[in-house]
Amino acid sequence: MSRFEGTDRYIATNDLKVAVNAAVALERPLLIKGEPGTGKTVLAYEIAKAFDAPLITWHVKSTTKAHNGLYEYDAVSRLRDSQLGDERVHDVRNYLKKGKLWEAFTAPVRPVLLIDEIDKADIEFPNDLLQELDRMEFYVQETDETIRAEVRPIVIITSNNEKELPDAFLRRCFFHYIRFPDAETLSSIVDVHFPGIKPRLVSEALKTFYEIRDTPGLKKKPSTSELLDDSADLLGCPSDAMNDPRVISLGRVVGQFEGVTLVSVPKSKIR
């Protein structure tokens, strides 16, 4: 299999490339932590693109349980069908809903499995997946069969670091923390997504952006994804509009942060 070197839409640092390729080679889940909006989820999409692999996504919620990723047995529907005399009732498989791990384990080609925001679930959720992710198999009680991965999927697990994960789970993962990019890397990221944007606008935007991130007392610092959203607003702006740095169209980003006021000029005034 080829190595991951980033893509035309994703700037990967050298240490991130090493982490991805090591996890793929060792066939261990890759646990990605970092601030919200730093490209953790997008990474899984780009890995799938780079390896030309199907992507299976499992977005974790606060109510998600580990068994949801394996399968769910709809006993209520089977009982109802038995009362109605439905012939489907004789095959229990008609009432098993495959979860994302089942899909990944039985995929015809090696897929990328994204378990997104694992820290949203309760503390027992990661522990309940230990054996399944370690052995790449699980037992289906209703059919007395074991679902086993013939080819181990590439597993990407993301976490916003909102809560600590169990040590036993961490030991089974290859870990990488996506640090917030420096100005040079962030400029490259903006250029990849918006190649037509004026360099001066990017320079002024990044200067203002990092000043906002350094503002004391912010409950949530603006992220890479928010900068990209607002970089779209900079397209088409003439360079003379940058005489006043407040023109930088980061108003939508900083408007949600306390203690920071940034004046945005309507596009009709600066084009």
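Residues numbered from 1 in each chain as written. Predicted model: local features only at pLDDT ≥ 70, side-chain atom pairs only at ≥ 80, totals over all residues. Heavy atoms only, no water.

Draft legend 1. Layout of the environment of A104. In this structure, A104 sits in helix 5 (residues 100–105). By relative accessible area, A104 is classed as buried at 1%. When the C-alpha positions of A104 and R152 are compared, they lie 8.5 Å apart, and in sequence the two are 48 residues distant. Those residues in contact with A104 that lie beyond four places of it in its chain are I56, P111, L113 and P153. (Helix = DSSP H or I, 4+ residues; strand = E, 2+ residues; numbered from the N terminus. Buried < 20%, exposed > 50% of the residue type's maximum accessible area, 1.4 Å probe, protein only. Contact = heavy atoms within 4.5 Å.)

Draft legend 2. Expanded view of the packing of helix 9 (residues 183–193) against helix 10 (residues 199–213). Where helix 9 contacts helix 10, the axes come no closer than 11 Å and their chain directions differ by 130°. Accordingly, the angle class assigned to the pair helix 9 and helix 10 is oblique. Helix 9 and helix 10 meet at a crossing whose hand is right-handed. Facing A183, L186, S187 and V190 of helix 9, the residues of helix 10 in contact are V202, L206, F209 and Y210. Considered class by class, the residues forming the contact of helix 9 with helix 10 number seven nonpolar, one polar and no charged. (Axes fitted to C-alpha atoms, helices over the stretch in contact; angles between N-to-C directions. Parallel < 35°, antiparallel > 145°, perpendicular 65-115°, else oblique. Left-handed = near helix turned anticlockwise from the far one by under 90°. Nonpolar A, V, L, I, M, F, W, Y, C, P; charged D, E, K, R; others polar.)

Draft legend 3. Layout of the pairing of strand 6 (residues 137–140). Note that strand 6 and strand 7 (residues 145–148) share four bridges and pair antiparallel. Residue pairing across strands places V140 opposite E145, the latter belonging to strand 7. (Pairing = 2+ DSSP bridges.)

Draft legend 4. Layout of the side chain of T7. Structurally, the position occupied by T7 is in the segment before helix 1 (14–26). A relative accessible area of 16% places T7 in the buried class. Only 2.5 Å separates the side chain of T7 from the side chain of E46, close enough to count as a polar contact. Leaving out residues up to four positions away in the same chain, T7 has contacts with E46 and A50. (Polar contact = N/O pair within 3.5 Å; in protein donor to acceptor, adjacent residues only side chain to side chain.)

Draft legend 5. Fine view of the packing of aromatic side chains. Scanning the entire structure with this criterion turns up eight aromatic pairs. Geometrically, the ring pair formed by F105 and F138 is tilted, given 5.9 Å between the ring centres and 40° between the ring planes. Of the two residues, F105 is situated in helix 5 and F138 in strand 6; the sequence distance between them amounts to 33 residues. Accessibility expressed as a relative area gives 3% for F138, which makes it buried. (Phe/Tyr/Trp six-rings, centres within 6.5 Å; stacked < 30°, edge-to-face > 60°.)

Draft legend 6. View of helix 2 (residues 40–50). Taken residue by residue, helix 2 has K40, L43, A44, E46, I47 and A48 as its buried positions. Buried positions along helix 2 lie against helix 1, strand 1 (30–34), strand 2 (55–59), strand 5 (112–116), strand 8 (154–159) and strand 9 (174–178). One or two positions beyond helix 2, positive phi appears at D52, with a value near 50°.

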